[in-house]
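# Descriptive structure summary
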Amino acid sequence: MQDNTQERQIHRHDNAAIFMHWFNTVCWMVLFITGMGLIFDPHVNYLGMWLPDFLVSVFGSGKTVAQIHMYTGVGWALVFFVFFLFRFKMYAHFVREVMSINPARDFTWMVRKNLQLLLGKNLLKKLGLSTEIPPQPFYNVGQKLFAHQTLVSGMLLFITGLYMFVAVEILANPNPEFWVWARAIHFLIAGLFLAGLLVHFYMAAISSEERPALKSMFTGEVSESYAKHHHKLWYQEVKDETKKE
Amino acid sequence: MKKNTLSNKDRRVFLKSLALMPVAGSFAGSGEARATTGVLAKLVDTTKCIGALRCKSACDSWNRLPAERTTELTGRTFMVVKRISQVRNREKISFLKWQCQHCQNPACARVCPTKAIRKFDQGAVVIVEDKCIACGSCHLACPFDVPKFDFDMGVTRKCHLCFNRYTGLRYHGLKSRTWSKPACVGSCPVSALDFGPREDMIRKARARIRDVGGYLYGVTEAGGTDVLTILREEPGKMGMVAPPAELYYHPAHSFMSDVAKPLIVIALGLSGLTVAGMLAQEIATSLREDSDDDQNDDQKKEG
Ligand code: SF4
Ligand code: SF4
C-alpha cells in the first residue's frame, strides 16, 4: 500500500455520496450537541450539566437552543429528501448492498475480524488460530451493521423529531402525552446511535488500516490493492465489468 | 422510586444552576433580587373561606386575565375556587382556593426542555413565558395538574405567586415594589389568606388547627410546597386525590432516567471499550513494527 500514488485507482464513491456524508457529519454534530444541551434534568443527561449550562450562557435561553436543534434537523431532512429523489439510484444501491447478508460468511467475518482487531495477527498466529478473513463485498459486515443502525435510527429520529417540531412550532397545541414519549424515544435512539458512531469514527479517522477509506471519502477512489484486500468480492465484480466492456 | 427524588445535594446543584440562568425577556431590568426573608409561603385557610371570589377578581385584574367563569385552571385562569365537601358529610361544603402549589422541588421545572421554569429563592415557581416552546412536558410532570396552555399566546401559563409584586422583577411589563403580598392575599374580606415566611405560616396554621381542627396540606405533599392549605380533614376525606410525598413522574420521564440513560451508558461503555481495545492493539502493532528486533519489548506488549 506504500505505492498508493502509482497504483491504479478504483472509483468507489460518487461526489453526491461524498457530499451527503460530510453534510451528515456536520448536521449530526450540531444536532447532537444542541440535543444534549436540551436535557436539563441531571438524572437524564449522561454527559453532565456543563453542556446545557454552557449553551444557555452562549445563546441566552434554552428556547434558542431548541430552535437551532429543530431547524437544523428539519433542514437536514429536507436536503436528504432532495437527494433521495434526485439520486434515487445511489440510495437503491446503498440499500441493496447493506441488505445483502450471507449468514455463514458474515458470522465468520465478525468473529475473526474482531479477534484480529483486539488481539493482533501475531498473537493469533501464536495461538494457532487462523488469520484468514472471509472476502467481503462493497461493504463489510461491520459497515453493514452500522448502516442498519443508521437506517433505523435515522427513520425513528426523523419521525419523532418531525412530530415534535410540527407539534410545537406549527400546531402549538400538541398532545403532551405523545410529545413526551416522542422525546423519550428520540433521546434513546440518538444515544445508542452515538455509541455506534464512536466505533465508526475510530475506524475511519484513527485506525491506520482504514486510512485509504478515509481518503476515499474525499477523492472518491481507492487503490486496487486496498479494494482487493478489504472488499475482494466487490473488486472482482468491478474487474468482471471492466473486462466485459 | 427513590431515584426519582432529588437528593438534597442534587437539589442544591439544581437550584444553583437555575440561579445562574441569565434573567432575560419578561424579567428585563433589575437583575437578581436577593431574598431577605427566606422562603415566603401563602397560607390558604378553607375553614374561613366563604367563597366570595374576591381573590379571583384580584388575580385576574393584576394579571390582566379575561375573568373566565370556571372552576378548572386554564392558561388564562391562574386560580379557581372549588367547592369541596367532606366524604362523610356531603352537606358540609368548604371552598378551596386552588392554584399552582409552588413546590419546593418542582417536577415541572425538572422536565422542561428549555429550562423555562424557574424556582425563585423566595419560593415562587415561575414560567418564563418567552422561553416556553409549548411542549406540554410540565403539564404531565406536575403532580397537581396545574400548568395549562394559553392557546392565544401559544405558551404554558400558570400562577407565579405574584413575584412581580415583591421581587422588583417584571412580568409582562408589570412590576411593583409597593406590595409585599400576592394580589389575592390582601383582597380577602375574611382574611382567609396570608403570606409570609414559610416557618411563620406553618406556625400560624398549626395554631389555627389546634383551635378548629383540620389538616395542613403542603407540608409533605409532593415533597413540600410553598402554598399551604388548611383543610377541614385529611385530603382523602375531603374527596381530594393526595399526591405522593415522593415526586411522581410521567412514565416517559421515568423511562428517560431509568431505562434510556442506563442503556445508553452501557452502549457507550461497550463501544468505548471496543475502541480502546483496538487503539491499544494499533499502538502495540506500530511499536512492534518500529522495533522489530526488540524481543523483550515485544513480549511485554503481548503479555
Ligand atoms: S410547556 Fe413550556 S414551560 Fe412547560 S415544559 Fe414545555 S417548554 Fe417548559
Ligand atoms: S404545582 Fe405543578 S406547576 Fe406548580 S410548582 Fe408544583 S409541579 Fe410546578
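Scoring rules and cut-offs
- Residues numbered from 1 in each chain as written.
- Chains lettered and ligands numbered in written order.
- Predicted model: local features only at pLDDT ≥ 70, side-chain atom pairs only at ≥ 80, totals over all residues.
- Heavy atoms only, no water.
- Helix = DSSP H or I, 4+ residues; strand = E, 2+ residues; numbered from the N terminus.
- Buried < 20%, exposed > 50% of the residue type's maximum accessible area, 1.4 Å probe, protein only.
- Contact = heavy atoms within 4.5 Å.
- Areas by Shrake-Rupley, 256 points an atom, 1.4 Å probe, with all protein chains shown as cover.
- Pairing = 2+ DSSP bridges.
- Axes fitted to C-alpha atoms, helices over the stretch in contact; angles between N-to-C directions.
- Near = heavy atom within 4 Å.
- Nonpolar A, V, L, I, M, F, W, Y, C, P; charged D, E, K, R; others polar.
- Domains from an automatic or database assignment.
- Core = buried A, V, L, I, M, F, W, Y, C linked by side-chain atoms within 4.5 Å.
- Salt bridge = Lys/Arg side-chain N within 4 Å of Asp/Glu carboxyl O.
- Polar contact = N/O pair within 3.5 Å; in protein donor to acceptor, adjacent residues only side chain to side chain.
- Expected span 1.5 Å × (residues − 1).
- Phe/Tyr/Trp six-rings, centres within 6.5 Å; stacked < 30°, edge-to-face > 60°.
- Parallel < 35°, antiparallel > 145°, perpendicular 65-115°, else oblique.
- Left-handed = near helix turned anticlockwise from the far one by under 90°.

Of the regular secondary structure elements, chain A holds 11 helices and two strands. When the elements of chain A are put in sequence order from the N terminus, they spell out β-α-α-α-α-α-α-α-α-α-β-α-α. Burial statistics for chain A: of 245 residues in total, 42% are counted as buried. For chain A, contacts bridging at least 24 residues in sequence account for 69% of all contacts bridging at least 6. As presented, chain A carries roughly 13300 Å² of accessible surface, and 68% of it is formed by carbon and sulfur atoms.

This paragraph deals with the sheet that holds strand β10 (residues 227–231) of chain B. Residues and elements named next belong to chain B. Strand order in the open sheet formed by four strands is β8-β1-β10-β9, with mixed pairing between adjacent strands. Edge strands, defined here as strands with exactly one partner in the open sheet, are β8 (193–197) and β9 (215–217). Neighbour-to-neighbour, the strand axes of this sheet turn through a mean angle of 25°, independent of strand direction. The pairing of β9 with β10 spans three bridges and is classified as antiparallel. Bridge pairing links Leu 216 to Ile 230 in β10.

What follows deals with the site of ligand 2. Taken together, 14 residues are adjacent to ligand 2, and Cys 100, Gln 101, Cys 103, Cys 108 and Cys 142 of chain B come closest. Taken together, the residues of the shell around ligand 2 break down into 11 nonpolar, two polar and one charged.

Take the domain arrangement of chain B next. On domain assignment, one finds that chain B holds domain 1 (40–248) and domain 2 (252–291). Relative to domain 2 of chain B, the C-alpha centre of domain 1 of chain B lies at a distance of 48 Å.

Right, let's get into the site of ligand 1. Taken together, 13 residues sit near ligand 1, with Cys 112, Cys 132, Cys 135, Cys 138 and Thr 156 of chain B positioned nearest. For the shell around ligand 1, the residue count by class is nine nonpolar, four polar and no charged.

Residues and elements named next belong to chain B. Among the structural elements, Pro 147 can be located in the loop between α4 (137–141) and β6 (148–150). Looking at Pro 147, the relative accessible area reads 2%, which means it is buried. The sequence separation of Pro 147 and Thr 114 amounts to 33 residues, and the corresponding C-alpha distance is 15 Å. Setting aside residues no more than four positions away along its own chain, Pro 147 makes contact with Cys 138, His 139, Cys 142, Thr 156 and Arg 157.

Moving on to the nonpolar core. Membership of the largest hydrophobic core comes to 39 residues, with the highest contact counts inside it found for Phe 144 and Phe 163 of chain B. Among the elements of the structure, β1 (40–45), α2 (54–62), β2 (80–85), β3 (93–98), α5 (183–187), β8 and β10 of chain B are those that each provide at least two residues to this core. Beyond its immediate chain neighbours, meaning those up to four positions away, Phe 144 of chain B contacts Trp 98, Gln 101, Cys 103, Tyr 217, Glu 221, Ala 222, Thr 225 and Pro 243 of chain B. Grouped together as the second largest cluster of nonpolar side chains are 23 residues, Met 36, Leu 38 and Leu 51 of chain A together with Ile 264 of chain B included.

Between chain B and chain A, the residue contacts involve 49 residues of the former and 48 residues of the latter. Here Lys 115 of chain B ties to Asp 53 of chain A by a salt bridge, and the two come within 3.3 Å at their closest N and O atoms. For the pair chain B and chain A, the number of links is eight residue pairs in polar contact (both at pLDDT 80 or more). The set of elements that each furnish at least two residues to the side of chain B that touches chain A consists of α1 (8–20), α3 (107–111), α4 and α7 (251–290) of chain B. Of all the elements, α7 of chain B adds the most residues to the side of chain B that touches chain A, at 23 residues. The residue inventory of the side of chain B that touches chain A, partitioned by class, reads 26 nonpolar, 13 polar and 10 charged.

Attention now goes to helix α1 (residues 15–36) of chain A. Residues and elements named next belong to chain A. Here α1 is 22 residues long and its end C-alpha atoms lie 31 Å apart, about the 32 Å a rise of 1.5 Å per residue gives. Where α1 is concerned, the buried positions are Ala 16, Ile 18, Met 20, Phe 23, Asn 24, Cys 27, Leu 31, Thr 34, Gly 35 and Met 36. On its buried face, α1 is in contact with α2 (50–59), α3 (62–86), α4 (88–99), α8 (176–206) and α9 (211–219).

Take the packing of aromatic side chains next. All names here are of chain A. Applying the stated criterion across every chain yields a total of 19 aromatic pairs over all chains. On the basis of an interplanar angle of 85° and a centroid distance of 5.4 Å, the ring pair of Tyr 71 and Phe 165 is categorised as edge-to-face. Remark: Phe 165 occurs in helix α7 (residues 141–171) and Tyr 71 occurs in helix α3; sequence separation between them is 94 residues. Aromatic pair Phe 146 and Phe 193: ring centres 5.9 Å apart, planes at 5°, arrangement stacked.

All names here are of chain A. Interaxial distance between α1 and α3 falls to 9 Å at its minimum, and their mutual angle equals 160°. As the angle between them shows, α1 and α3 are arranged roughly antiparallel. Here α1 runs over α3; the crossing is left-handed. Packed against α1, whose contacting residues are Ala 16, Phe 19, Met 20, Phe 23, Asn 24, Cys 27, Trp 28, Val 30, Leu 31, Thr 34 and Gly 35, the element α3 presents Val 65, Ile 68, His 69, Thr 72, Gly 73, Trp 76, Val 79, Phe 80 and Phe 83 at the interface. For the contact of α1 with α3, the residue count by class is 14 nonpolar, six polar and no charged.

Close approach of charged atoms lets side chains of opposite charge pair. Residues and elements named next belong to chain B. Evaluated as defined, the whole model comprises 15 salt bridges over all chains. Measuring nitrogen to oxygen at the nearest pair gives 3.5 Å for the salt bridge that ties Asp 150 to Arg 76. One end of the pair, Asp 150, is in strand β6; the other, Arg 76, is in the loop between α2 and β2, with 74 residues separating them in the sequence. With relative accessibility at 1%, the residue Asp 150 sits in the buried group.

With that settled, the discussion passes to the environment of Pro 251 of chain B. All names here are of chain B. On the secondary structure map, Pro 251 appears in helix α7. Residue class for Pro 251 comes out partly exposed when judged on its relative accessible area of 41%. Each C-alpha atom, one on Pro 251 and one on Phe 151, is 26 Å from the other, the two residues being 100 residues apart in sequence.

A word on unusual backbone geometry. Residues and elements named next belong to chain B. For Lys 115, which is not a glycine, the phi torsion comes out positive at approximately 55°. Relative to the elements of secondary structure, Lys 115 occurs in the loop between α3 and β4 (117–119). The class for Lys 115 is buried, based on a relative accessible area of 6%. In the Ramachandran plot, Asp 145 falls in the positive-phi region, its phi being about 60° despite a non-glycine side chain. Within the element layout of this structure, Asp 145 appears in the loop between α4 and β6.

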